[in-house]
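Observations on the model geometry
Chain by chain, the residues run as shown.
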Amino acid sequence: MRNAPDRIETERLILRRPRLEDAEAVFTRYAGDPDVSRYMAWPLHRTPATTRLFLQFSDGEWAKWPAGPYLVSTRDGQLIGGTGFAFETPYRASTGYVFARDAWGRGYATETVRALVQLAPSLGIARLYALCHVDHRPSARVLEKTGFQYEGILRRYLAFPNIGDGSPSDVRCYSVVS
């Protein structure tokens, strides 16, 4: 097992480790947007201070594990979203993604997830999984296109704080195993 690179380049994108000075851009581009955060398992960021707390958390993940969150930018430097790995054990991690509204429908999520799937085995990840709300069909489609296998529905599994009353919702579970 080795540590992930701080920067990954794909055909159109750059994935890089977040820095504290990214807080304002992350907040403005996606973390503070109610439409973008709708299907996220984290609450809408109401101030850049909340985003700074996330970036501090990100540093902790990178210190503890071989990888952590990444920010996603176009090659010209425009921040468009976030992704990364959330380790649970040295061999099991989850992934996810979030993109600014103006980046939707352009294949950026698919390109991003493919890069993470390719990187995962070199980090010692034997099981990479992702969860998505049962009603979020575009997210499910990204996972299906990037080699994740549908495992089933986990009933009343995860609360989505930006939808409904905050009670746990059903989620689709997908994985890639190596």
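Quick look at the structure, then. (Residues numbered from 1 in each chain as written. Predicted model: local features only at pLDDT ≥ 70, side-chain atom pairs only at ≥ 80, totals over all residues. Heavy atoms only, no water.)

1. Overview of unusual backbone geometry
Using the following cut-off: Secondary structure counts use DSSP, requiring at least four H or I residues in a row for a helix and at least two E residues in a row for a strand, with both numbered from the N terminus. Summary of the burial criterion: residues with accessible area below 20% of their type's maximum are buried, those above 50% are exposed, and those between are partly exposed, where the area comes from a 1.4 Å probe applied to protein chains only.
The backbone phi angle of Arg156 is positive, close to 45°, even though this residue is not glycine. Mapped onto the elements, Arg156 comes out in strand β7 (residues 149-159). Given a relative accessible area of 54%, Arg156 falls into the exposed group.

2. Digging into the environment of Val98
We count it as follows: The contact rule is simple, with two residues in contact once any of their heavy atoms fall within 4.5 Å.
Among the structural elements, Val98 can be located in strand β5 (residues 92-99). Residue Val98 is classed as buried on the basis of its relative accessible area, which comes to 9%. Distance from Val98 to Lys64, taken between C-alpha atoms, is 23 Å for residues 34 residues apart in sequence. Residues contacting Val98, with those up to four places away along its chain left out, are Tyr30, Val36, Met40, Trp42, Ile80, Gly81 and Gly82.

3. Focus on the pattern of salt bridges
As a working rule, side chains carrying opposite charge can pair if their charged atoms are close by. Convention followed: Any carboxyl oxygen of Asp or Glu within 4 Å of a side-chain nitrogen of Lys or Arg constitutes a salt bridge here.
Evaluated as defined, the whole model comprises 13 salt bridges. Between Arg29 and Asp102 there is a salt bridge; the shortest N-O distance is 2.7 Å. Of this pair, Arg29 sits in helix α1 (residues 23-31) while Asp102 sits in the loop between β5 and α4 (108-119), placing them 73 residues apart in sequence. Linking Arg137 and Glu144 is a salt bridge whose minimum nitrogen-to-oxygen distance equals 3.2 Å. Arg137 gets classed as partly exposed once you look at its relative accessible area, which sits at 40%. When its relative accessible area of 29% is taken as the criterion, Glu144 is described as partly exposed.

4. Overview of the sheet that holds strand β6 (residues 127-133)
Worth spelling out the cut-off: A strand pair is defined by DSSP finding two or more bridges across the two strands. Between N-to-C directions, angles span 0 to 180 degrees; the directions come from axes that are lines fitted to C-alpha atoms, helices contributing only their stretch in contact.
If you trace the eight strands from one edge of the open sheet to the other, you get β1-β2-β3-β4-β5-β6-β8-β7, paired in mixed fashion. Strands with a single pairing partner mark the edges of an open sheet, and in this sheet they are β1 (7-9) and β7. Direction aside, the axes of adjacent strands within the sheet are offset by 25° on average. Here seven bridges tie β6 to strand β8 (residues 168-177), and the two strands are oriented antiparallel to one another. Across the sheet, residue Ala130 finds its bridge partner in β8, namely Tyr174. Packed onto the sheet, helix α5 (residues 137-145) meets β5, β6 and β8 and runs at close to 15° relative to β8.

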